[in-house]
There are 2 protein chains.
Amino acid sequence: MTSKVLIVGAGAIGGFYAALLAKAGAEVSVVCRSDYEHVKQQGFIIDSRILGAWAFTPSQVLNNAADYKGTADYIFLCSKVIPSADRVALIRPAVSADTAVVFIQNGVEIEQEMLAAFPDNEIISGLAFICCNRVKPGEILHLAYGRLALGNLPGAVSNKTLQLCELFKQSGIDCAATENIVTDRWKKCVWNASFNPLSVLSGGLPTLDILQSQEAFVRSIMQEICNIAEACGHRLSNHIVNANIENTYAMLPYKTSMLLDYENGHPMETEAILGNAVRAAKRSGIECPHLESVYALMKLRELQLAEFHKKYNPLYKEPVSQRPDD
Amino acid sequence: MTSKVLIVGAGAIGGFYAALLAKAGAEVSVVCRSDYEHVKQQGFIIDSRILGAWAFTPSQVLNNAADYKGTADYIFLCSKVIPSADRVALIRPAVSADTAVVFIQNGVEIEQEMLAAFPDNEIISGLAFICCNRVKPGEILHLAYGRLALGNLPGAVSNKTLQLCELFKQSGIDCAATENIVTDRWKKCVWNASFNPLSVLSGGLPTLDILQSQEAFVRSIMQEICNIAEACGHRLSNHIVNANIENTYAMLPYKTSMLLDYENGHPMETEAILGNAVRAAKRSGIECPHLESVYALMKLRELQLAEFHKKYNPLYKEPVSQRPDD
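Residues numbered from 1 in each chain as written. Chains lettered and ligands numbered in written order. Predicted model: local features only at pLDDT ≥ 70, side-chain atom pairs only at ≥ 80, totals over all residues. Heavy atoms only, no water.

Participant: Give me the lowdown on the domain arrangement of chain A, citing residues and values where you can.
Facilitator: Residues and elements named next belong to chain A. Domain parsing of chain A yields domain 1 (4-179) and domain 2 (183-312). Of note, the centres of domain 1 and domain 2, computed from C-alpha atoms alone, are 25 Å apart. Listed per partner, the contact involves 21 residues of domain 1 and 21 residues of domain 2. Buried surface at the junction of domain 1 and domain 2, summed over both partners, amounts to about 1700 Å²; 52% is from carbon and sulfur atoms. Between domain 1 and domain 2 we count three salt bridges in total. Across the domain 1-domain 2 interface, the total number found is 13 residue pairs in polar contact (both at pLDDT 80 or more). It is strand E8 (residues 123-136) that contributes the most residues to the side of domain 1 that touches domain 2, seven residues altogether. Tallied by class, the residues present in the side of domain 1 that touches domain 2 amount to 11 nonpolar, seven polar and three charged. (Domains from an automatic or database assignment. Contact = heavy atoms within 4.5 Å. Buried area = accessible area lost by both parts, 1.4 Å probe. Salt bridge = Lys/Arg side-chain N within 4 Å of Asp/Glu carboxyl O. Polar contact = N/O pair within 3.5 Å; in protein donor to acceptor, adjacent residues only side chain to side chain. Helix = DSSP H or I, 4+ residues; strand = E, 2+ residues; numbered from the N terminus. Nonpolar A, V, L, I, M, F, W, Y, C, P; charged D, E, K, R; others polar.)

Participant: Let's hear about the pairing of strand E7 (residues 100-104) of chain B: which residues, and what values?
Facilitator: All names here are of chain B. For E7, the tally of buried residues reaches five of five residues, placing the bulk of the element in the interior. Across the two faces of E7 the burial is the same, with Ala 100, Val 102 and Ile 104 and Val 101 and Phe 103 all buried. Where strand E6 (residues 74-77) and E7 come together, four bridges link them in parallel fashion. For Leu 77, the partnering residue across the bridge sits in E7 and is Phe 103. Sheet topology places E7 next to strand E8 (residues 123-136); four bridges connect them, and they run parallel. Across the sheet, the residue bridging to Ile 104 is Gly 126, located in E8. (Buried < 20%, exposed > 50% of the residue type's maximum accessible area, 1.4 Å probe, protein only. Pairing = 2+ DSSP bridges.)

Participant: Describe the relation of the copies chain B and chain A, listing the residues and the values that go with them.
Facilitator: The transformation that overlays chain B on chain A combines an axial shift of 0.0 Å with a rotation of 180°, and the residual RMSD is 0.1 Å. Read as a symmetry element, the transformation amounts to a two-fold axis. With an isologous cut-off of 70% or more, the 100% of interface residues of chain B that recur at the interface of chain A puts this contact in the isologous class. (Least-squares fit on C-alpha atoms with pLDDT ≥ 70 in both.)

Participant: Hey, could you go over the interface of chain B and chain A for me, with residue numbers and the actual values?
Facilitator: Many descriptions give the size of an interface as the accessible area lost when the pieces come together. Across the contact, 24 residues belong to chain B and 24 residues belong to chain A. A combined buried area of about 2100 Å² lies between chain B and chain A, and 68% of that area is made up of carbon and sulfur atoms. The interface formed by chain B and chain A includes zero salt bridges. Remark: the boundary between chain B and chain A carries six residue pairs in polar contact (both at pLDDT 80 or more). Sorting the residues of the side of chain B that touches chain A by element identifies helix H6 (181-201), helix H7 (207-231) and helix H11 (289-312) of chain B as the ones contributing at least two each.

Participant: If you had to explain the packing of H6 of chain B against helix H8 (residues 240-250) of chain B to someone new, which residues and values would you point to?
Facilitator: Residues and elements named next belong to chain B. The N-to-C vectors of H6 and H8 enclose an angle of 55°; their axes lie 10 Å apart at closest approach. One way to sum up the angle between H6 and H8 is to call them oblique. As H6 runs across H8, the sense of the crossing is right-handed. Within the contact between the two elements, H6 uses Lys 187, Val 190, Trp 191 and Phe 195 and H8 uses Ile 240, Asn 244 and Thr 248. By residue class, the composition of the contact of H6 with H8 is four nonpolar, two polar and one charged. (Axes fitted to C-alpha atoms, helices over the stretch in contact; angles between N-to-C directions. Parallel < 35°, antiparallel > 145°, perpendicular 65-115°, else oblique. Left-handed = near helix turned anticlockwise from the far one by under 90°.)

Participant: With reference to specific residues and values, describe empty space enclosed by the protein.
Facilitator: Residues and elements named next belong to chain B. Evaluation of the coordinates by the stated rule reveals five cavities of 30 Å³ or more. Taken as a whole, the largest cavity spans an internal volume of roughly 60 Å³. In this structure, the largest cavity is lined by 13 residues; those nearest its centre are Ala 10, Asp 35, Phe 44, Arg 134 and Gly 138. Residues of the lining of the largest cavity, tallied by class, amount to seven nonpolar, two polar and four charged. (1 Å grid on protein atoms, 1.4 Å probe; cavity = no way out; pocket = protein on both sides within 12 Å on 5 of 7 lines; lining within 4 Å. Points joined across faces, edges and corners; volume = space filled by probe spheres on them.)

Participant: Account for the packing of aromatic side chains, naming residues and giving values.
Facilitator: All names here are of chain A. Counted according to the given criterion, the structure contains 10 aromatic pairs over all chains. Seen from their ring centres, Tyr 17 and Phe 168 are 5.7 Å apart, and the 90° between their planes marks the pair as edge-to-face. Of this pair, Tyr 17 sits in helix H1 (residues 12-23) while Phe 168 sits in helix H5 (residues 159-171), and the two are 151 residues apart along the sequence. The class of Tyr 17 is buried, set by a relative accessible area of 1%. A cation over a ring is seen here: Lys 160 above Tyr 74, with NZ or CZ 5.4 Å from the ring centre. (Phe/Tyr/Trp six-rings, centres within 6.5 Å; stacked < 30°, edge-to-face > 60°. Lys NZ or Arg CZ within 6 Å of the ring centre and 35° of its normal.)

Participant: Now, about the pattern of salt bridges: what can you tell me, with residues and values included?
Facilitator: Inspection of every chain in the model, using the stated rule, returns 26 salt bridges over all chains. We note a salt bridge from Glu 113 of chain A to Arg 87 of chain A, for which the minimum N-O separation is 2.9 Å. Within this pair, whereas Glu 113 of chain A is found in helix H4 (residues 111-117), its partner Arg 87 of chain A is found in helix H3 (residues 87-91), the two being separated by 26 residues in sequence. On the basis of relative accessible area, Arg 87 of chain A is assigned to the buried category, the value being 3%. The residue Arg 219 of chain B makes a salt bridge to Glu 215 of chain B at a minimum N-O spacing of 2.9 Å. Linking Arg 219 of chain B with Glu 215 of chain B, this pair stays in helix H7, spanning four residues, or about one helical turn. Note on Arg 219 of chain B: relative accessible area 27%, which makes it partly exposed. Connected through shared salt-bridge partners, Glu 271, Arg 279, Lys 299 and Glu 302 of chain A make up one network.

Participant: Tell me about the nonpolar core, and name the residues and values.
Facilitator: Leu 291 of chain A together with Leu 291 of chain B are the most contacted members of the largest nonpolar core, which has 86 residues in total. Aside from chain neighbours lying at most four places away, what touches Leu 291 of chain B is Ala 193, Ile 221, Glu 224, Ile 225, Ile 228, Leu 274, Ala 277 and Val 278 of chain B. (Core = buried A, V, L, I, M, F, W, Y, C linked by side-chain atoms within 4.5 Å.)

Printed below as a string of structure tokens:
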């Protein structure tokens, strides 16, 4: 039977995975706001350096999950995790009794909100390892990688998760089902909590410059994330810091996602990546002074940006709710 | 007998104290580079909100200390402390056997360089507590404060220092002779090492915003400076952190000197204030992770600024030596 999927937050990442599921035969609808008119008229063009180019016409193109017609087998939340976006409200209207709630999002400790809001639904946590950009409305450029990791909460792998993995594999990308998705989230945070804020606070340095100039500092932040993860019951490999450092030396100089958000005036995932990690440390009685410093400085940077907008933009309004694809 | 004084680095602070000494009857010459032509023609105008306005015509206006004619009783170094400026070379040509070397500069652990270079001269370390700006060439606006602290190295007070204090007092500002000038330097660093870099890394927030948003972080940095100072033999008062926090809440929102340098594209005193403190901590086996983070981020910020200049300014040259009044 054809799987019915609704993707909420069909920006670069949401749009890309939506297109893959459609390619594999699922009936895929999308909620997108900023590009709604364009996508409704013309659908998506996916230009992948790995999988080639193809057009993707969603089954339904919506402004809001409440407009979804039918019963979704899976609802994907692919928005950024920022305080002004209510993750639960974004998807709730389209969540039925049999809908599996999947979130492909960055950050740590973002599970509880979903488990509490949908206690009777299957909840699947996902991580995307991908470089892709929205080039213009409805056009997504997939530059590199694309691997997904999916796992049920609490730690398990359901048949629905396996089916989803199968669909992604059929579409041509790697997708692993794991019982340790929460540990994997901490693992991804080792890189994100260091390079993302450092790229912003340095004023825009690429990863290689940061590493060459301040490797010891980067390692301190990474080690603190490992310590917090362990205190939270997610012991990471002893080699993970070295592996992250070596991989980053081997990468081409890279602009982080937080830096791209910063440069485009979009809200950053400071709370999901840094704030949640610092709060987990406090709760567990773990010291993390380097991470704490970086978090404090990111909060100051955000405050300065907000004051700058208020001062110089007569049209500026305090963000109340956030578009899911921002 | 009239004291002969040469002020090297007659920017805002150097020019102001030069003018005060001249007012008190000393024979005062200056080395200034960027405003050399203007000052040579027209001298200085000092506009003080406390002491009124007056014109100051230096005895000699020089491009370089080597051009000084005569024997200075005092040579003042008032430049910023930055790696590209050779403090010793800036003054050496005008230092005679009987010259007292005075430096009115920010930073900690900046004494040894002077003691090593001039082992047979009297060395006087000074701290200025002042708000003053160079408004345009030769014109200095003195906004508030002005107090000086002077002390001989190693810890003592000489007759020459007392004479200097007397001259400053005659000119209308407070000047204290102290046997604990090195301790006072650490004391001043408590505020400088926190608010200076935070104002830059936040993207330009005034002190009050920084404090209201991240008081705990500011306190952590301040406490680390106290710990380092104590390990270096300079125990600061238990109340110093609270006093600094309370005073800053009471101040009008204030742009730090490092922020002004940053905004004007001038080099910052990162090494003198943060680098020297971190190195003192390492040497003494003291942990200072918050300070270390702030220092690492300032180094990244400086790297980004240097790369930006290289990329976008075709006339940009790596700084080789620095003008003393920059």
